Amino acid sequence: MNFFHGCTALITGASSGIGEEFVRQLAPHARSLILVARRRDRLEALTGELDRPGLTIHCHAADLADEVQIEALLAALAASGERVSLLVNNAGLGDHGLFEESEWARVRAMLDVNIQALTRLTHALLPDLVRAGRGAILNVSSIASLLPLPKMAVYAATKAYVTSFSEALRAELRGTGVSVTALCPGPVSTEFGQVADRPNSRDSLPAPEVFKVPVEEVVRAGLAAVEGDRARAIPGWLVCVVMTLTTLVPIFLLRLFLGQRRRGES
Ligand SMILES: NC(=O)c1ccc[n+]([C@@H]2O[C@H](COP(=O)([O-])OP(=O)(O)OC[C@H]3O[C@@H](n4cnc5c(N)ncnc54)[C@H](OP(=O)(O)O)[C@@H]3O)[C@@H](O)[C@H]2O)c1
């Protein structure tokens, strides 16, 4: 964890699940943490719990689906004088069900939070990281980024963007001292499933227990990948093996498999 000693980390989606665990694992090492999410009470409770001498924690309640609130966050950051050395773009949401039956507001929120906010924060903070000649961006993607997923069509497509963007940016930044890593978890027990399930739907997000990886392990794998300057991390050996093999399957065979699932099946 030497890499993170004295760092200033901005973590989006810090109020629950994977983001909250990033805060917990970085708190013993960081000099400053900037926590972002909509639920301020959660951020403040976490701050109270992790408070220690030598660590400053800023809570910023913001809806990352709202461009105005993102700009306000960036302005507050500039005014605070904090120089972010680690950006963890973790905030995100899913939606499970047929695209034709999806609510536009939910689709829009996925595009805004999973893609637009991540891209805007990266765009705003990257020049300082490059000038400093040291820093890291950790984008929380998903194994859903590695293949098209019926009934999670938009979510998987947003994560495909995140993985592709991370890889391209990493290549652009070679030699600058700034690394980019895409963390691609499989199913993790967080609030993600409840958020992704549609109200009154009996068709809930399938998350086989055998593939579930504890949130602590997911975050450890993400931080280890940043420290090791790795492009991508798929936490959990079983998930990693299955996904690596899946990516080797030709698309025409994948289409046969994906097309076999009936519309009513989850
Ligand atoms: N859990 C899984 O199975 C899984 C698997 C692969 C990838 N992931 C990815 O992991 C990341 C974290 O998800 P999680 O599993 O930890 O789910 P989670 O427990 O639901 O946490 C999502 C976080 O994102 C924040 N967020 C959502 N919409 C937001 C908005 N409009 N503005 C600001 N913050 C917002 C939430 O904060 P507020 O609600 O307080 O705003 C919360 O802190 C996501 O990018 C997700 O796609 C999850």
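The coordinates are above.
Here we summarise the structure given alongside this text. (Residues numbered from 1 in each chain as written. Predicted model: local features only at pLDDT ≥ 70, side-chain atom pairs only at ≥ 80, totals over all residues. Heavy atoms only, no water.)

## Concerning the nonpolar core
Move 1: Grouped together as the largest cluster of nonpolar side chains are 43 residues, with contacts concentrated most on I11, F22, V23, L26, L33, L35 and L86.
Move 2: Ranked by residue count, the leading element in this core is helix α7 (residues 215–227), at 6 residues.
Move 3: Every residue in contact with L33, bar those within four places of it in the chain, is listed here: A9, I11, V23, L26, A27, L55, T56, I57 and H58.
Move 4: By size, the runner-up hydrophobic cluster in this structure holds 35 residues, among which are A62, M110, V154 and V162. (Core = buried A, V, L, I, M, F, W, Y, C linked by side-chain atoms within 4.5 Å. Buried < 20%, exposed > 50% of the residue type's maximum accessible area, 1.4 Å probe, protein only. Helix = DSSP H or I, 4+ residues; strand = E, 2+ residues; numbered from the N terminus. Contact = heavy atoms within 4.5 Å.)

## Brief notes about the packing of aromatic side chains
Move 1: Taken as a whole, this structure holds 3 aromatic pairs when the rule is applied.
Move 2: Both rings, one in F3 and one in F4, keep their centres 5.1 Å apart while their planes meet at 75°; by these two values the pair is edge-to-face.
Move 3: Looking at F3, the relative accessible area reads 22%, which means it is partly exposed.
Move 4: Between Y161 and F165 the ring centres are 5.6 Å apart and the planes differ by 15°, which places this aromatic pair in the stacked class. Taken together, the residues span about one helical turn, with Y161 and F165 both in helix α5 (residues 153–172) at a distance of 4 residues. (Phe/Tyr/Trp six-rings, centres within 6.5 Å; stacked < 30°, edge-to-face > 60°.)

## Overview of the packing of helix α4 (residues 104–132) against α5
Move 1: Where α4 contacts α5, the axes come no closer than 9 Å and their chain directions differ by 15°. If you check the angle between α4 and α5, you find them roughly parallel. Considering how the two elements wind past one another, α4 and α5 form a crossing that is right-handed. Note on element contacts: α5 touches α4 through V154, Y155, T158, K159, Y161, V162, F165 and L169, opposite V107, M110, L111, N114, I115, L118, T119, T122 and L126.
Move 2: Within the contact of α4 with α5, the residues separate by chemical class into 12 nonpolar, 4 polar and 1 charged. (Axes fitted to C-alpha atoms, helices over the stretch in contact; angles between N-to-C directions. Parallel < 35°, antiparallel > 145°, perpendicular 65-115°, else oblique. Left-handed = near helix turned anticlockwise from the far one by under 90°. Nonpolar A, V, L, I, M, F, W, Y, C, P; charged D, E, K, R; others polar.)

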